[in-house]
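A structural walkthrough
The residues making up each chain are set out below.
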Amino acid sequence: MQTSDEVAVMKTSEGEMAFQFWTDAAPATIENFKKLAKSGFYDGTSFHRIVNGFMIQGGDPLTKDPAKEDLFGTGDPGYKVKAEFNDHKHERGVLSMARSSDPNSAGSQFFICLAAVRHLDNQYTTFGKMIKGEDVLEKIARTPVVMSGSGEKSKPTKRVTIESLKIVPASEAK
């Protein structure tokens with residue numbers, strides 16, 4: 001497993017998490033994620049889908065505006081990224097790209113696994129893993145949720161925001 005010399009540091013309303021990238025797994029996905037992070041794309045977005053025991057999902061630019069709540073989960077950067085399925089498993093703390101039923105429909109939305117989710121292996125693009133912030137991930141996972149418009153009990157009852165998502169040298173995240 002090759003890891004990047006850069007990491008993602010995500011400051012959320014619940015605390016800070018950091019993620020290393022698997023450079024052997026999904027180079028185009030990682031470059032896209034870094035590009036969006038460096039441009040401030042993720043700053044002010046929220047985790048719009050939380051399923052305890054499964055995952056938390058964020059990265060939708062529409063979540064910056066609470067008035068667009070009915071559209072949460074449909075936003076993207078205006079383009080799609082080709083799937084890069086790989087051998088890294090979906091386990092707790094793994095960073096993976098969210099998408100529609102089309103494997104090549106990912107753009108900016110991502111999810112962080114809260115448990116091993118084997119049925120997603122080789123179906124979604126994994127590209128990194130948490131190296132710091134387990135307590136923050138758990139705090140977000142325990143956010144109370146209600147039924148969403150799609151009938152899934154996953155809509156947070158309070159906003160959990162990504163205040164900033166920075167790409168920094170790995171030495172700064174230890």
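In short, a report on the structure. (Residues numbered from 1 in each chain as written. Predicted model: local features only at pLDDT ≥ 70, side-chain atom pairs only at ≥ 80, totals over all residues. Heavy atoms only, no water.)

Right, let's talk about the layout of surface pockets for a bit. Where empty space is left becomes clear once a probe the size of a water molecule has been rolled over the atoms. Counted as a void, the largest pocket has a volume near 760 Å³. Every residue lining the largest pocket is counted, 37 residues in all, and those nearest its centre are His48, Arg49, Gln57, Phe72 and Gly73. Ranked by the residues each element gives to the lining of the largest pocket, the list is headed by strand S10 (residues 153-156), at three residues. Residues belonging to the lining of the largest pocket are distributed by class as follows: twelve nonpolar, 15 polar and ten charged. (1 Å grid on protein atoms, 1.4 Å probe; cavity = no way out; pocket = protein on both sides within 12 Å on 5 of 7 lines; lining within 4 Å. Points joined across faces, edges and corners; volume = space filled by probe spheres on them. Helix = DSSP H or I, 4+ residues; strand = E, 2+ residues; numbered from the N terminus. Nonpolar A, V, L, I, M, F, W, Y, C, P; charged D, E, K, R; others polar.)

It is worth spelling out the pattern of salt bridges at this point. This model, assessed by the stated rule, comprises 14 salt bridges. One salt bridge in this structure joins Asp121 and Arg118, with 3.8 Å as the shortest N-O distance. Relative accessible area serves as the criterion here: at 43%, Arg118 is assigned to the partly exposed category. Look at the salt bridges and you will find they share partners, linking Arg92, Glu134, Glu138 and Arg142 into a network. (Salt bridge = Lys/Arg side-chain N within 4 Å of Asp/Glu carboxyl O. Buried < 20%, exposed > 50% of the residue type's maximum accessible area, 1.4 Å probe, protein only.)

What follows concerns the packing of aromatic side chains. A full pass over the atoms with the stated rule returns nine aromatic pairs. Ring geometry for Phe47 and Phe110: centres 6.2 Å apart, planes at 85 degrees, overall edge-to-face. Of this pair, Phe47 sits in the loop between strand S3 (45-46) and strand S4 (49-51) while Phe110 sits in strand S7 (residues 110-113), placing them 63 residues apart in sequence. An aromatic cluster of at least three residues, connected via ring pairs, comprises Phe21, Phe33, Phe41, Tyr42, Phe47, Phe110 and Phe127. (Phe/Tyr/Trp six-rings, centres within 6.5 Å; stacked < 30°, edge-to-face > 60°.)

The complete set of buried residues in helix H2 (residues 134-141) reads Val136, Leu137, Ile140 and Ala141. Projected down its long axis, H2 carries its buried residues within an arc of 140 degrees, all on one side. (Arc of directions from axis to C-beta.)

Quick look at the nonpolar core now. Formed by 42 residues in total, the largest nonpolar core has its most connected members in Met17, Phe33, Phe47, Phe110 and Ile112. Discounting chain neighbours no more than four positions away, the residues touching Phe47 are Met10, Thr12, Met17, Ile56, Gln57, Gly58, Phe110, Ile112, Ile140, Pro156, Val160 and Ile162. Counting residues in hydrophobic clusters, the runner-up holds six residues, among them Val7, Val9, Ala18 and Ala170. (Core = buried A, V, L, I, M, F, W, Y, C linked by side-chain atoms within 4.5 Å. Contact = heavy atoms within 4.5 Å.)

Structurally, Ala98 is set in the loop between strand S6 (94-97) and S7. In this structure Ala98 comes out as buried when scored by relative accessible area, which is 8%. Taking the C-alpha atoms as reference points, Ala98 and Val81, 17 residues apart in sequence, are found 11 Å from one another. Each residue touching Ala98, except ones within four places of it in the same chain, is listed here: Gln57, Ala106, Gln109, Phe110 and Phe111.

Let us look at helix H1 (residues 27-38). In a regular helix each residue adds 1.5 Å, so twelve residues correspond to 16 Å; H1 covers 16 Å between its end C-alpha atoms and thus fits that length. Within H1, the full set of buried residues consists of Thr29, Ile30, Asn32, Phe33, Lys34, Leu36 and Ala37. Two residues or fewer past H1, Gly40 is found with a positive phi of approximately 85 degrees. (Expected span 1.5 Å × (residues − 1).)

Per the stated rule, a full pass over the model turns up one cavity of 30 Å³ or more. Lining the largest cavity we find Thr29, Val81, Lys82, Ala83, Phe85, Met97, Arg99, Pro103, Ala106 and Thr125. Its residues assigned to classes, the lining of the largest cavity shows six nonpolar, two polar and two charged.

Next up on the list: the pairing of strand S5 (residues 55-58). Side-chain alternation along S5 places Met55 and Gln57 on one buried face and Ile56 and Gly58 on a second face that is also buried. Pairing analysis gives three bridges linking S4 to S5, with the strands arranged antiparallel. Among the inter-strand pairings, Val51 is bridged to a residue of S5, identified as Met55. In this structure, the hairpin formed by S4 and S5 is closed by a connection of three residues, where Gly53 is found at a positive phi of approximately 85 degrees. (Pairing = 2+ DSSP bridges.)

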